[in-house]
Structure formats: C-alpha cells, structure tokens
Amino acid sequence: MASFLNCTLFTFILLIPTFIGNSDGAFSEELSENILMNRMEKTTHLHFYLHDIVSGNDPSAVRIAGTSDTTGFGATFIMDDALTEGPNPTSRLIGRAQGLYSLAAQHDTALLMVVNYAFIGGKYNGSSISILGRNPVLNDAREMPIVGGCGLFRLARGYAVAHSISFDRKMGDATVEYNVYVQHY
Ligand SMILES: *[C@@H]1O[C@H](CO)[C@@H](O)[C@H](O)[C@H]1NC(C)=O
C-alpha cells in the first residue's frame, strides 16, 4: 500500500509543473523539456515467484464475482499475492501482485489478468509494473504484456513470462515463476 501510494504521489508531483507553468490558466500546455529527462532507455530482467493462495482461512486471492462455480466462466478474483525471490514462500519477500483475474474463456482455460506488481525489494522499493494480458494457465509458458509502470519503471513496456512450478489441483493454490523483461527509463 505504501509503495503504491508513493507511486501515486510521484505521478502527482510530476504533474504539478504542468499546472504551475500555466500563466493563462489554460488546461494544457506543451512542455519543451522531455518527460524522459534525457535518460537512456534500459532493459531490466526481473525473476521472482508468485504465490497464489486460495485455500485456508488466510487466502491471498478471493472470489468477488461470477458464477457460484469457482472454476466457471466469469469467476473473478481479487488478489494480493506475495512475490518472493525464491520458490519457497518463506524466501525473501520482494513485492506483491495486486489486482484482478477472471476466467475469461468459454472454450479453454484462460484468465484475464489486470494486475500491478508492486515491488519493495532493494532499489525497486516503491516502483511497480502493470500487466494487462491473457493467461492460459494450463500452458507451460504464458506471455503477458507489460503496459506501463511507475517509479524506476516509469514508461515501462515489455513482457512477462509466467510458468507454474506447482499447482495443487484440490486446493487451487499455485506457485508461479516469473521472468520479466522490461524497458524503462
Ligand atoms: C520501502 O520504502 C518504505 C518507505 O517508502 C519504507 O518504509 C520501507 O521500509 C522500505 N522497504 C524496504 C524493504 O526497504
């Protein structure tokens, strides 16, 4: 939450000069200074594990809408899943995946993912990336687009590849390995 707030504050601060610089009270103005501040674009590779816990009395993902059948078309969950450095849930927490996923396919198994990956690890504390994509969960590797980011990941674009390393069919809990390739400034 704190890191997300940071991100929001950061965006707000970024916007202030746009309004201060306005002498005629106009709604918008073109800035001569490039928003990228002439920094070089770089590519970062992130590697972490996501833990999606739907079972037990402290789940990290809960169903909020859809049919009563949790595996049915339209079932929608909100998640606040831990992201860790290693595959073990007790390994170092580096962030959280906060967002929504829905069963959005009628003829196969694919999720619609609308998720912010908010990091707390090292220099990425307070930075986040946003994923909006299709996640065919039964496939070995699922590629999803990164549509933006905040903080160190400002103006991010790239892709994430998700690979499930464990899935408890009975309980529904899953551990997913992520390899993220992100271009940002
Ligand atoms: C991340 O930043 C917040 C302040 O924004 C701080 O309270 C917190 O301790 C930091 N976390 C880590 C792991 O450095």
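- Per an unreviewed UniProt entry, the chain goes by the name Dirigent protein and belongs to Ilex paraguariensis.
- Quoted verbatim from the Subunit (unreviewed entry) field of UniProt, the annotation for the chain is "Homodimer."

Concerning the confidence of the model for the chain
Inference 1: In the predicted model, the chain carries a mean pLDDT of 87, and the fraction of residues at 70 or more is 81%.
Inference 2: Note on residues 11-21: pLDDT is under 50 here. Beyond four places in sequence and across chains, it has seven contacts.

Some words on the layout of surface pockets
Inference 1: Space inside the largest pocket adds up to approximately 810 Å³.
Inference 2: Lining the largest pocket we find 33 residues, and of these Tyr101, Leu111, Val137, Phe167 and Gly172 sit closest to its centre.
Inference 3: Secondary-structure elements contributing two or more residues to the lining of the largest pocket are β1 (42-52), β2 (61-65), β3 (76-84), β4 (93-103), β5 (111-119), β8 (157-167) and β9 (174-184).
Inference 4: When grouped by side-chain class, the residues that make up the lining of the largest pocket number 20 nonpolar, seven polar and six charged.

Description of a nonpolar patch on the surface
Inference 1: Residues Val62, Ile64, Ile78, Leu100, Leu112, Val114, Leu132 and Val147 make up a contiguous nonpolar surface patch of about 620 Å² in total accessible area.
Inference 2: For the nonpolar patch, the secondary-structure elements that each account for two or more residues are β2 and β5.
Inference 3: Following the sequence through the fold, Ile64 ends up in strand β2.

Brief notes about the pairing of β9
Inference 1: For β9, the tally of buried residues reaches eight of eleven residues, placing the bulk of the element in the interior.
Inference 2: Taken together, the eleven bridges between β1 and β9 define a ladder with antiparallel strand orientation. Directly across from Asp52, in β9, lies its bridge partner Ala174.
Inference 3: Examined bridge by bridge, β8 and β9 share ten bridges and lie antiparallel to one another.

Reading guide: rules and limits
Residues numbered from 1 in each chain as written. Predicted model: local features only at pLDDT ≥ 70, side-chain atom pairs only at ≥ 80, totals over all residues. Heavy atoms only, no water. UniProt positions renumbered as here; feature names shortened; annotations may be inferred. pLDDT = per-residue confidence, 0-100. Contact = heavy atoms within 4.5 Å. 1 Å grid on protein atoms, 1.4 Å probe; cavity = no way out; pocket = protein on both sides within 12 Å on 5 of 7 lines; lining within 4 Å. Points joined across faces, edges and corners; volume = space filled by probe spheres on them. Helix = DSSP H or I, 4+ residues; strand = E, 2+ residues; numbered from the N terminus. Nonpolar A, V, L, I, M, F, W, Y, C, P; charged D, E, K, R; others polar. Patch = residues over 30% accessible without salt bridge, like charges linked within 9 Å, V, L, I, M, F, W, Y side chains within 5 Å. Areas by Shrake-Rupley, 256 points an atom, 1.4 Å probe, with all protein chains shown as cover. Salt bridge = Lys/Arg side-chain N within 4 Å of Asp/Glu carboxyl O. Buried < 20%, exposed > 50% of the residue type's maximum accessible area, 1.4 Å probe, protein only. Pairing = 2+ DSSP bridges.

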